[in-house]
Amino acid sequence: MPFREINAKMVEATVVPGQKMFSQRGAMLAYRGEVAFTPNVQGGQGGVMSMIGRRLANEATPLMTVEGNGTVMFGHGGHHIHVINLSGDTLYVEADRLLAFDGTLRQGTMFMGSQGGVMGMVRGQVTGQGLFTTTLQGHGAVAVMAHGGVIELPITPGRAVHVDPQAYVAHHGDVRNKLSTALGWREMVGRGSGEGFQLELSGSGAVYVQASEEKL
């Protein structure tokens, strides 16, 4: 069920019988028709292990299951919303940036260290973002939140993209990530985000970057 963008900070989704979607708690702005919202204790379709991973990552963002027959308008905190359509691939996104997504998508978690090695683990310590990243896989739509709008940057073989870690929103494709720095290890300790830290993404795919480094 695709999202219709009403404006930069609101989207609308059609809910039909027999299908469900998930949204962040507090994201519903208004709805029409017979629509039910119930807390989801299993963390979407990722099951208990997904929920455990999110809690270990301090990303226990509560989800609501949305079912029924009608239309729902979503938004949250005045943040900009960007809609990403998946065609069988996997989206990697910070849990607190998820606004709503199709129930057809399988949700899981990925330990950042599994892609970025030790430096991937360091990323979570330096930026304050979790070591776990939420994954959504399959065919369907995802609405993500960001500050100041989102731009999609293509990642192509031989041309890595460097992103400020706190400007990172999500990425998809066959992409490797690691944290690189122009500073020495001792200089890195105690510093925040900025030009000294760069999240390097290489391979083939795309990364979504927000205009502001402010955390959600």
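Preceding block: the structure.
Residues numbered from 1 in each chain as written. Predicted model: local features only at pLDDT ≥ 70, side-chain atom pairs only at ≥ 80, totals over all residues. Heavy atoms only, no water.

**Considerations on the overall build of the protein**
A count of helical and extended segments in the protein gives three helices and 13 strands. In the protein, of all internal contacts separated by at least 6 residues, the share reaching a separation of at least 24 is 81%. Summed over its atoms, the accessible surface of the protein is roughly 10000 Å², and 53% of this surface lies on carbon and sulfur atoms. (Helix = DSSP H or I, 4+ residues; strand = E, 2+ residues; numbered from the N terminus. Contact = heavy atoms within 4.5 Å. Areas by Shrake-Rupley, 256 points an atom, 1.4 Å probe, with all protein chains shown as cover.)

**Digging into the pairing of strand β1 (residues 3–7)**
Bridging between β1 and strand β2 (residues 10–15) involves four bridges; their strand directions are antiparallel. Note that in β2 the partner of Asn7 across the bridge is Met10. Once β1 ends, the chain turns through two residues before running back antiparallel as β2. (Pairing = 2+ DSSP bridges.)

**Quick word on the nonpolar core**
Judged by nonpolar contacts, the single largest core of 17 residues is most densely connected at Phe3, Val11, Met21, Val66, Phe74 and Leu99. With residues up to four places along the chain from it excluded, the contact list for Val66 reads Val15, Gln19, Lys20, Met21, Ser23, Val35, Ala36, Phe37, Val72 and Phe74. Among the nonpolar cores identified, the runner-up in size contains 16 residues, and Leu86, Leu98, Phe101 and Ala146 belong to it. (Core = buried A, V, L, I, M, F, W, Y, C linked by side-chain atoms within 4.5 Å. Buried < 20%, exposed > 50% of the residue type's maximum accessible area, 1.4 Å probe, protein only.)

**What about the packing of aromatic side chains?**
Following the criterion strictly, the structure yields two aromatic pairs and no others. Each ring, one from Phe22 and one from Phe101, has its centre 5.5 Å from the other, and the planes form 35 degrees; the classification is tilted. Of this pair, Phe22 sits in strand β3 (residues 20–24) while Phe101 sits in strand β7 (residues 98–102), placing them 79 residues apart in sequence. Classification of Phe101 by relative accessible area gives buried; the value is 0%. (Phe/Tyr/Trp six-rings, centres within 6.5 Å; stacked < 30°, edge-to-face > 60°.)

**Quick notes on the pattern of salt bridges**
Overall, the coordinates contain two salt bridges when judged by the stated rule. The shortest N-O distance in the salt bridge between Glu12 and Arg4 comes to 3.1 Å. A salt bridge links Glu12 to Arg32, with the nearest nitrogen and oxygen atoms 2.7 Å apart. Taken as a pair, Glu12 in strand β2 and Arg32 in strand β4 (residues 28–40) lie far apart in primary sequence, 20 residues in all. (Salt bridge = Lys/Arg side-chain N within 4 Å of Asp/Glu carboxyl O.)

Everything listed here is a matter of geometry and, on its own, says nothing about what the molecule does.
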